[in-house]
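A look at the structure
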Amino acid sequence: MKKITAIVLALAFSVIAYGQAQITTKKVKIEDFMEKTIKVVTSGNMFFDQALKDEVMNRWRISPFEFCTLEEFETLKTDDSYYFMLVTKDRFKREKEAGLAYISILKGGPAAEKGLNRMLNVVSIPIMSVKNPSGREFIVLPAILDILQVHITRSMEKDLVAYGGLGNYTMNISSTDDMNILFVEEDLSDEITEDVRNVYFKNGMMSVDMDTADMAMEEYLPRTIVSFTVAPDEAGKGAYCYKMLIDAKTHNLYYFRKHRITKRFGKGFLLEDINRIATSR
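My aim in this report is to walk through the structure given alongside it, one point at a time.

What counts and what doesn't
- Residues numbered from 1 in each chain as written.
- Predicted model: local features only at pLDDT ≥ 70, side-chain atom pairs only at ≥ 80, totals over all residues.
- Heavy atoms only, no water.
- Pairing = 2+ DSSP bridges.
- Helix = DSSP H or I, 4+ residues; strand = E, 2+ residues; numbered from the N terminus.
- Axes fitted to C-alpha atoms, helices over the stretch in contact; angles between N-to-C directions.
- Contact = heavy atoms within 4.5 Å.
- Parallel < 35°, antiparallel > 145°, perpendicular 65-115°, else oblique.
- Left-handed = near helix turned anticlockwise from the far one by under 90°.
- Nonpolar A, V, L, I, M, F, W, Y, C, P; charged D, E, K, R; others polar.
- Core = buried A, V, L, I, M, F, W, Y, C linked by side-chain atoms within 4.5 Å.
- Buried < 20%, exposed > 50% of the residue type's maximum accessible area, 1.4 Å probe, protein only.

**Considerations on the sheet that holds strand 3 (residues 82–90)**
Read across the open sheet, the 5 strands follow the order 2-1-3-4-5; overall the sheet is mixed. Each edge of the open sheet is held by one strand with a lone partner, namely strand 2 (65–68) and strand 5 (120–129). Adjacent strand axes in the sheet meet at a mean angle of 25°, parallel and antiparallel pairs treated alike. Relative to strand 5, strand 4 (residues 100–107) runs antiparallel, the two sharing 8 bridges. Of the residues in strand 5, the one forming a bridge with Ile103 is Ile125. Most of the contacts of helix 5 (residues 136–155) go to strand 5, to which it runs at about 165°, and overall it touches strand 3, strand 4 and strand 5.

Right, here's the structure in full:
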């Protein structure tokens, strides 16, 4: 609620100040996205770089793109003629080291001299654990690129989308009552006991093994939603777990939430998530 309130207030102040000074909102800052080239930065991980290149060539459609190395990025990052897609690592406030890697879309500009965190972040989405990736990042990569493109396009149309982030797509879960939701066993927290499953896992909600879920994604199975979670391999103090539900066929994002990992709340979908999803359908 605080985040939503902050967004509304920010937009309200923008309107009030319009006659006094031009307020440049995020929507305005990225309105040139489709006109400019996005540089896809290779990370140095040979296998992931090749997968990313292949999927970008097959799926990226909203702007011109080129590939570049990390060294070239360091030279170009201050140039506002470019946007950049790159794998970033982020450390939450209480974490000792970064536990998660993201695919981030950043806008070049002079502020980049002071670090990546000073660049305009168009959107970032978690993709894998830094230390021990699950391998599922390769399976969901096509969907991730489609999700990024949808979000960027919508952000160019509405500031509420641009500032609200991917969490806004969670409200889409209410439109999935005629679809199956496949929760990978490894994506479920310890809270999801047999008793919980007996109560909530019905009307298309079910737990499956990883191979079944991955096959659904690879075969673009219609009317099927697949779970995907990203958490640090070693969840230290202050670490977070991200939870997503993605349409296997259309790659629509139906759920996107995160929670702090604690002794009580471990990795994966919590009882709160399962309740929210079940009662929304």
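**Thoughts on the sheet that holds strand 10 (residues 253–260)**
With mixed pairing, the 5 strands of this open sheet are ordered in space as 7-6-8-9-10. Looking at which strands have only one partner, the edges of the open sheet turn out to be strand 7 (205–208) and strand 10. With direction set aside, neighbouring strand axes in the sheet form an average angle of 20°. Strand direction decides the pairing type here: strand 9 (residues 240–247) and strand 10, joined by 7 bridges, are antiparallel. Across the sheet, residue Lys243 finds its bridge partner in strand 10, namely Arg257. Contacting strand 6 (180–184), strand 8 (224–230), strand 9 and strand 10, helix 5 crosses the sheet at an angle of about 110° to strand 8. Packing against the sheet, helix 9 (residues 271–280) makes contact with strand 6, strand 7, strand 9 and strand 10, and its axis sits at approximately 155° to strand 10.

**Overview of the packing of helix 5 against helix 8 (residues 210–218)**
For the pair helix 5 and helix 8, interaxial distance at closest approach is 10 Å and the crossing angle is 30°. Judged by the inter-axis angle, helix 5 sits roughly parallel to helix 8. Where helix 5 crosses over helix 8, the handedness of that crossing is left-handed. On the side of helix 5, the interface is formed by Arg136, Ile139 and Ala143, while helix 8 contributes Met210, Ala213, Asp214, Met217 and Glu218. Classifying every residue of the contact of helix 5 with helix 8 by side-chain character gives 5 nonpolar, no polar and 3 charged.

**Regarding the nonpolar core**
Counting 50 residues, the largest nonpolar core has Phe33, Met85, Ile103, Ile105, Ile125 and Ile152 as its most contacted members. Once residues within four sequence positions are removed from consideration, Phe33 is found in contact with Ile38, Trp60, Ile62, Ser63, Tyr83, Ile105, Ile152 and Met156. Residues Met179, Tyr200, Phe201 and Phe269 belong to the second largest nonpolar core, which totals 17 residues.

**Observations concerning the pairing of strand 9**
In terms of burial, strand 9 is a largely internal element, 8 of the 8 residues being buried. Going residue by residue along strand 9, you find Tyr240, Tyr242, Met244 and Ile246 tucked away on one face and Cys241, Lys243, Leu245 and Asp247 tucked away on the opposite face as well. With 6 bridges connecting them, strand 8 and strand 9 associate as antiparallel partners. Across the sheet, Ser227 pairs through a bridge with Leu245, a residue of strand 9. The antiparallel hairpin formed by strand 9 and strand 10 contains 5 residues in its connecting segment, where His251 sits at a positive phi of about 70°.

**Digging into the packing of helix 3 (residues 46–59) against helix 5**
Look at helix 3 against helix 5: their axes get within 10 Å of each other, and the N-to-C directions meet at 45°. Taken together, the axes of helix 3 and helix 5 lie oblique to each other. The element helix 3 and its partner helix 5 pack so that their crossing is right-handed. Counting all contacts with helix 3, which are made through Phe47, Phe48, Ala51, Leu52, Glu55, Val56 and Arg59, the residues of helix 5 involved are Glu137, Phe138, Leu141, Pro142, Leu145, Asp146 and Gln149. Of the residues that constitute the contact of helix 3 with helix 5, the class distribution is 9 nonpolar, 1 polar and 4 charged.

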